[in-house]
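# Chain and residue survey
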Amino acid sequence: MEWKDKIETIRKKVKRDDSLWILGDIHGPADEAFLERVKSTFPFVNETYLDFLRVTDGCRLSTLSFFGSGSEAFVPEHVYDKSSMRCSCIFDELRHLNTTLPSWRKVDNISPFVPFMKTITGADYYLILSDGRVLEIDCEYKQAKYDVIRAHNFSEILDEIVLGHRYPSLFTAEPDEYEVGDLTMIEDDDDWAAFLRQQGWL
């Protein structure tokens, strides 16, 4: 099952039972004007990333928030702090990083980049670099020595890692050395890992 099918599976499950919304919040498609802006600002992004935005204008998968246009999306009534669950706009996050990163690291060696995802705490940001690779940077401890190339491209981090059999590699310092099937780094209370296993994706 490819990432599009996985996202549609989550969308349908949440629609049937909004108690599952805390695990996955899938949005409607981004509009064409926003997609054109993304393409013109980041000419190096590939069609997979643009297709992702066509499927969902940002989304939240467990504790990972994917950026989109920043448009309003459904938040169930039982969620107390609705603002904390809103997916940010790519361009707002780019401005934020362009302002804050130079205070603690060199930016020239990673620019240009597309910020496309962060942990909901904002501790870790994920960037698509101009060569397509996905870089994870640590914005909590603010030290470039913690940089990790998390995937070779956007499709890999979405389909194989966030939604797939290499999810545990998200928690390793050397993701290329991760052996599929090794779940030792998964916490017992990781609801997302449990959900992936239930779907047969992990």
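Structure: above.
Description of the structure in this document.

How each quantity is defined
- Residues numbered from 1 in each chain as written.
- Predicted model: local features only at pLDDT ≥ 70, side-chain atom pairs only at ≥ 80, totals over all residues.
- Heavy atoms only, no water.
- Helix = DSSP H or I, 4+ residues; strand = E, 2+ residues; numbered from the N terminus.
- Rg over C-alpha atoms; globule rule 2.2 N^0.38 Å.
- Buried < 20%, exposed > 50% of the residue type's maximum accessible area, 1.4 Å probe, protein only.
- Areas by Shrake-Rupley, 256 points an atom, 1.4 Å probe, with all protein chains shown as cover.
- Salt bridge = Lys/Arg side-chain N within 4 Å of Asp/Glu carboxyl O.
- Pairing = 2+ DSSP bridges.
- Axes fitted to C-alpha atoms, helices over the stretch in contact; angles between N-to-C directions.
- Contact = heavy atoms within 4.5 Å.
- Arc of directions from axis to C-beta.
- Polar contact = N/O pair within 3.5 Å; in protein donor to acceptor, adjacent residues only side chain to side chain.
- Phe/Tyr/Trp six-rings, centres within 6.5 Å; stacked < 30°, edge-to-face > 60°.
- Lys NZ or Arg CZ within 6 Å of the ring centre and 35° of its normal.

When helices and strands are counted, the chain shows six helices and seven strands. Here the C-alpha atoms of the chain give a radius of gyration of 16 Å, agreeing with the 17 Å that 2.2 N^0.38 yields for 202 residues. Here the C-alpha coordinates of the chain stretch approximately 45 × 40 × 35 Å along the principal axes. Within the chain, buried positions represent 49% of all 202 residues. When the accessible surface of the chain is summed, it comes to about 10300 Å², and 48% of that surface belongs to carbon and sulfur atoms.

Here we take up the pattern of salt bridges. Scanning all chains against the criterion turns up 13 salt bridges. Here E8 ties to R11 by a salt bridge, and the two come within 3.0 Å at their closest N and O atoms. Taken together, the residues E8 and R11, both in helix 1 (residues 3-16) and three residues apart, mark about one turn of the helix. Residue class for E8 comes out partly exposed when judged on its relative accessible area of 29%. On the accessibility criterion, R11 (23% relative accessible area) is partly exposed. Between D131 and R133 there is a salt bridge, with its nearest N and O atoms 2.8 Å apart. A single network of salt bridges, built from pairs that share partners, joins K4, E47, D51 and R54.

Pairing is antiparallel across the open sheet formed by seven strands, whose spatial order is 1-2-3-4-5-6-7. Looking at which strands have only one partner, the edges of the open sheet turn out to be strand 1 (24-26) and strand 7 (148-151). Going across the sheet, the axis of each strand differs from the next one's by a mean of 30°, ignoring polarity. Where strand 4 (residues 113-119) meets strand 5 (residues 124-129), five bridges bridge the pair, whose relative direction is antiparallel. The residue bridging P115 from the neighbouring strand is L127, located in strand 5. The sheet strands contacting helix 1 are strand 1 and strand 2 (59-61), and the helix crosses strand 1 at an angle near 105°.

A few words on helix 2 (residues 32-41). The complete set of buried residues in helix 2 reads F34, L35 and V38. Burial along helix 2 is one-sided: seen end-on, the buried residues are contained in an arc of 100°. Set apart from the buried face of helix 2 by more than 90 degrees, the exposed residues are A33 and S40. The N-cap residue of helix 2 is D31: its side-chain oxygen and the backbone nitrogen of A33 are 3.2 Å apart.

Here we come to the pairing of strand 6 (residues 134-138). Along a regular strand, successive side chains alternate from one face of the sheet to the other. Taking burial as the measure, the five residues of strand 6 include five buried ones, the bulk of the element. Where strand 5 lies against strand 6, five bridges are found, and the strand directions are antiparallel. Residue pairing in the sheet places Y125 in a bridge with I137 of strand 6. Connecting the antiparallel pair strand 5 and strand 6 is a turn made up of four residues, with G132 showing a positive phi of about 95°. Direction of pairing for strand 6 relative to strand 7: antiparallel, over a ladder of three bridges. For V134, the partnering residue across the bridge sits in strand 7 and is A151.

So, about the packing of aromatic side chains. Given two aromatic rings, their pairing is described by the distance between the two centres and the angle made by the two planes. Under the counting rule described, the total for this entry stands at 16 aromatic pairs. Here F42 and F44 contribute two aromatic rings whose centre-to-centre distance is 6.3 Å and whose plane-to-plane angle is 70°, an arrangement assigned as edge-to-face. Residue class for F42 comes out buried when judged on its relative accessible area of 3%. Overall, F44 belongs to the partly exposed group, its relative accessible area being 23%. Taken together, the ring pairs connect W3, Y49, F52, F66, F116 and F154 into an aromatic cluster. Residue placement shows R37 over the ring face of F91; its charged tip is 3.7 Å from the ring centre.

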